[in-house]
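Residues per chain are reported as follows:
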Amino acid sequence: MKQRRILLLGLTLLIGIIVFQFIGNKDIPMITNSHTFGVFYVEEKDHHIEPGEYMEMWVIGYNGAEKEENKEYFKVYIKDANVYNLIEAEETYMFSFSSTGDDRYYLDQVFPENGTQLTGEGR
């Protein structure tokens, strides 16, 4: 009788964990799609502002080291306006960006082509 209770309790606990993982954990993305390019050519830079609501900033570009017939364009959204202001159109950068399944790429890291890091101290 005691073994049945322990077995039933363990089975109930296992089912609860499985249900929580598949149903209760929807906010945490499971799959991340990421790209890193040593030569990312920024062809276009743009933004959209809805006053008082939201602002979106993005760049459109491609892997500059790829052959012309294999060229794939990426629209990469940038969350920080300070980083957005440092990026220039028609320039190349080392880009690292990722997506969590919503078909939107977000910038992770950016470095100028000469390899220097963009750092500094505020006043």
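See the structure printed just above.
Because the structure is predicted, anything quoted here is derived from the model rather than measured. (Residues numbered from 1 in each chain as written. Predicted model: local features only at pLDDT ≥ 70, side-chain atom pairs only at ≥ 80, totals over all residues. Heavy atoms only, no water.)

**A few points about the sheet that holds strand β2 (residues 54–63)**
Ordered by their spatial adjacency, five strands build a closed barrel running β1-β2-β3-β5-β4, and the pairing between neighbours is mixed. Along the sheet, successive strands turn relative to each other by an average axial angle of 55°, direction set aside. Sheet analysis places strand β3 (residues 73–78) next to strand β5 (residues 105–112), joined by two bridges and oriented parallel. Bridge assignment links Y77 to a residue of β5, and that residue is Y106. (Pairing = 2+ DSSP bridges. Helix = DSSP H or I, 4+ residues; strand = E, 2+ residues; numbered from the N terminus. Axes fitted to C-alpha atoms, helices over the stretch in contact; angles between N-to-C directions.)

**A closer look at the pattern of salt bridges**
On inspection of all chains with the given rule, the structure shows two salt bridges. Among the ionic pairs, R104 bridges to E56, the shortest N-O distance being 2.8 Å. Of this pair, R104 sits in the loop between β4 (91–99) and β5 while E56 sits in strand β2, placing them 48 residues apart in sequence. The exposure class of R104 is partly exposed, given its relative accessible area of 27%. (Salt bridge = Lys/Arg side-chain N within 4 Å of Asp/Glu carboxyl O. Buried < 20%, exposed > 50% of the residue type's maximum accessible area, 1.4 Å probe, protein only.)

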